[in-house]
Protein chains: 2
Amino acid sequence: MSEVKQIRILLVEDDESLGFVIKDNLEQQGMHVVLAMDGEVAQRTFTPKHFDVCVLDVMLPKVDGFALAEHIRLYDKDVPIIFLTAKSMKEDRIKGFKLGADDYMVKPFNIEELILRIQVFLKRTGKQQPQEQYQIGYYTFNVHNMELSARDSLKQLTRKEADLLKLLFDNKENMVARNVILKQIWGTDDYFAGRSMDVFISKLRKYMSADQRIEIVNHHGIGFKLTIKE
Amino acid sequence: MSEVKQIRILLVEDDESLGFVIKDNLEQQGMHVVLAMDGEVAQRTFTPKHFDVCVLDVMLPKVDGFALAEHIRLYDKDVPIIFLTAKSMKEDRIKGFKLGADDYMVKPFNIEELILRIQVFLKRTGKQQPQEQYQIGYYTFNVHNMELSARDSLKQLTRKEADLLKLLFDNKENMVARNVILKQIWGTDDYFAGRSMDVFISKLRKYMSADQRIEIVNHHGIGFKLTIKE
DNA sequence: TTTACCTTTAACAAATCGTTAACAAGATAT
DNA sequence: ATATCTTGTTAACGATTTGTTAAAGGTAAA
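Residues numbered from 1 in each chain as written. Chains lettered and ligands numbered in written order. Predicted model: local features only at pLDDT ≥ 70, side-chain atom pairs only at ≥ 80, totals over all residues. Heavy atoms only, no water.

Chemist: Give me the lowdown on the protein's contact with DNA strand D, citing residues and values where you can.
Modeler: Taken together, 25 residues sit near DNA strand D, with A:R205, A:G221, B:R178, B:R205 and B:G221 positioned nearest. Considering the 4 Å shell around the protein, atoms of DNA strand D inside it are sugar or phosphate in 63% of instances. In the model, a phosphate oxygen of DNA strand D is placed 3.2 Å from a nitrogen or oxygen of the A:K206 side chain. Measuring from a phosphate oxygen of DNA strand D, one finds a side-chain N or O atom of B:R205 at 2.8 Å. Of all elements in the fold, only α8 (191–207) and β11 (214–219) of chain A together with α8 (191–207) and β11 (214–219) of chain B reach the threshold of two or more residues within the surface near DNA strand D. Grouping the amino acids of the surface near DNA strand D by side-chain chemistry returns five nonpolar, ten polar and ten charged. (Near = heavy atom within 4 Å. Polar contact = N/O pair within 3.5 Å; in protein donor to acceptor, adjacent residues only side chain to side chain. Helix = DSSP H or I, 4+ residues; strand = E, 2+ residues; numbered from the N terminus. Nonpolar A, V, L, I, M, F, W, Y, C, P; charged D, E, K, R; others polar.)

Chemist: Account for the nonpolar core, naming residues and giving values.
Modeler: In this structure, A:I136, A:F141, A:L168, A:I181 and A:M208 are the most contacted members of the largest nonpolar core, which totals 33 residues. No other element matches helix α6 (residues 159–170) of chain A, which puts six residues into this core. Excluding its chain neighbours within four sequence positions, the residues that come into contact with A:I181 are A:L164, A:L167, A:L168, A:V176, A:W186, A:M197 and A:F224. If you look at the next biggest cluster of nonpolar residues, it comprises 31 residues, including B:M146, B:M197, B:I214 and B:I228. (Core = buried A, V, L, I, M, F, W, Y, C linked by side-chain atoms within 4.5 Å. Buried < 20%, exposed > 50% of the residue type's maximum accessible area, 1.4 Å probe, protein only. Contact = heavy atoms within 4.5 Å.)

Chemist: Now, about the interface of chain A and chain B: what can you tell me, with residues and values included?
Modeler: How large an interface is tends to be reported as the accessible area lost when its parts come together. Counting residues at the interface gives twelve residues for chain A and 14 residues for chain B. Of the roughly 1100 Å² buried where chain A meets chain B, counting both sides, 48% is carbon and sulfur surface. Summed over the shared surface of chain A and chain B, the number is one salt bridge. Here B:K225 ties to A:E147 by a salt bridge, and the two come within 2.2 Å at their closest N and O atoms. Between chain A and chain B we count five residue pairs in polar contact (both at pLDDT 80 or more) in total. The dominant element in the side of chain A that touches chain B, judged by the number of residues it contributes, is helix α5 (residues 111–124) of chain A, at three residues. Taken together, the residues that form the side of chain A that touches chain B break down as three nonpolar, five polar and four charged. (Buried area = accessible area lost by both parts, 1.4 Å probe. Salt bridge = Lys/Arg side-chain N within 4 Å of Asp/Glu carboxyl O.)

Chemist: Can you lay out the packing of aromatic side chains for me, pointing to particular residues and giving the numbers?
Modeler: Residue and element names in this part refer to chain A. Summed over the entire model, instances satisfying the criterion amount to twelve aromatic pairs over all chains. Arranged with centres 5.2 Å apart and planes meeting at 75 degrees, the rings of Y191 and F192 form a pair that is edge-to-face. Through a chain of ring-to-ring contacts, the aromatic side chains of Y134, F141 and F169 assemble into a single cluster. A cation sits over an aromatic face here: K203 above F200, 4.7 Å from the ring centre. (Phe/Tyr/Trp six-rings, centres within 6.5 Å; stacked < 30°, edge-to-face > 60°. Lys NZ or Arg CZ within 6 Å of the ring centre and 35° of its normal.)

Chemist: How would you explain the packing of α6(A) against α8(A) if you had to name every residue and give the values?
Modeler: All names here are of chain A. It is the contact of α6 with α8, at a shortest axis distance of 10 Å, that shows an interaxial angle of 80 degrees. Here α6 lies roughly perpendicular to α8, going by the angle between them. Within the contact between the two elements, α6 uses K160, E161, L164, L165 and L168 and α8 uses F200, I201, K203, L204 and Y207. Here the residues of the contact of α6 with α8 are counted per class, giving seven nonpolar, no polar and three charged. (Axes fitted to C-alpha atoms, helices over the stretch in contact; angles between N-to-C directions. Parallel < 35°, antiparallel > 145°, perpendicular 65-115°, else oblique.)

Chemist: Quick rundown of unusual backbone geometry? Include the residues and the values.
Modeler: Residues and elements named next belong to chain B. Positive phi, normally seen in glycine, also occurs at K62, with a value near 70 degrees. In this fold, K62 is placed in the loop between β3 (53–57) and α3 (65–75). Residue classification places K62 among the exposed residues on the basis of a relative accessible area of 63%. Unusually for a residue other than glycine, M146 sits at a positive phi of about 55 degrees. With respect to the helices and strands, M146 occurs in the loop between β7 (139–142) and β8 (147–149).

Chemist: Any chance you could break down the pairing of strand β4 (residues 81–85) of chain B for me, citing the residues and the numbers?
Modeler: All names here are of chain B. The element β4 is extensively covered by neighbouring structure, given that five of its five residues are classed as buried. Of the two faces of β4, the one holding I81, F83 and T85 and the one holding I82 and L84 are both buried throughout. Examined bridge by bridge, β3 and β4 share four bridges and lie parallel to one another. Looking across to β4, one finds that L56 is bridged to F83. Of the crossover connections in this fold, the one passing from β3 over α3 to the parallel β4 is right-handed. As paired elements, β4 and strand β5 (residues 103–106) share four bridges and run parallel to each other. Across the sheet, F83 pairs through a bridge with Y104, a residue of β5. (Pairing = 2+ DSSP bridges. Right-handed = clockwise from strand over helix to strand, strands pointing away.)

Chemist: Hey, could you go over the environment of A:V58 for me, with residue numbers and the actual values?
Modeler: Residue and element names in this part refer to chain A. With respect to the helices and strands, the residue V58 is situated in the loop between β3 (53–57) and α3 (65–75). For V58, a relative accessible area of 7% corresponds to the buried category. Between the C-alpha atoms of V58 and V12, which are 46 residues apart in sequence, the distance is 9.0 Å.

Listed below in structure tokens is the structure:
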């Protein structure tokens, strides 16, 4: 089938917290994100043929988004550019499109929509997002499809099962505290959420019981740890 | 819609069964395929300006693929040539590329990838395929006409049915989230759009129910996945 | 306007998931 | 050692989601 490389995004955003929120979200999608906080740094960071999509704030210190886009276009006339702008002024929009902006989002925007638009470009340029596939013992865990497959079996996980397994795997060989799991996946860490979690741990153990090397161990009063022997 | 000429492919392959498999697949894409079983026949068959892409097996009886390429290049220095080669020998590749092979594939290869590479050439040379045709089990789905046809039947799909089927097929074997489908096709993801989508899913299932291998599976609260077994 | 066709809404059945309950088994502290 | 708290496991419940068919609503062509 087609090649699957990690998608690389250049994100230029001077608002630190927003920048990190976007970065986090895109990384959860399996993309690699380089975040630049001002236009000057971005200009130095940009390398032709390196990024698959650029996301630029319009208002930036030192070198603004439009100038940056011009710079990028000099070196790469194809890379999709998405502008982020605080106002919906038509002139901005037109100016942006003249410089070869391919899309444009008005703040505040929905991050899921940004992800969607990026994916549209990736598809258009024939690129594909890698699917996160974890190897757990002899199981393969496809995060996106929430499928846990072995040589002969395929178990469709539910959302919570998949979230929990991913969290444990992301911290494999390390203890994950009960309340960390609970807050992250259940949003609360009251008694019942805790019991619910225990039920899910039990389910995951059962699903993976065919591979003796995989263990979800409990530390009394602390939390759980996913270990894979050898 | 404007009239678009049918794409013509010259396929030279001495392995009869492989030849027919490739021919079938390309024809399902709406291309016209002339299959020659040896280099000599191919040489007589080739007419300048007639074919849009040539696909040549390297090892052929009588006149081999490289000699054939030389012959073709004499008369048409632009037509893209793709070599099929059983071995990945370096000398083979170098010899081929010098004679103007534009791409090559090592057997055994994925037919979908061959189709993809042909499409790259068609795009590059400004030619377009008259119509996208997808193979879904034993159905053929013509995106432009929105027709879903089997050996004996032909079902005219509506716009939404066709959009939905295309979206699912573009992500076949992968889960497509409900809200992704909804935003992309319905433009909104409110409750009623969701119910409407469920109705369309039900319709598509019914249309394709004759082929047991095709399944549109639901993952509770997540989305749908089109799978084609085998 | 009528007609034909497509999409949405409604209505009800069926399936699924997360939570809770209930009880057993471990672990820890007293 | 034993009382208390935590965890393991199974099953049942209830809420939500989905499957499906039919009716209603919309829209564009005749």
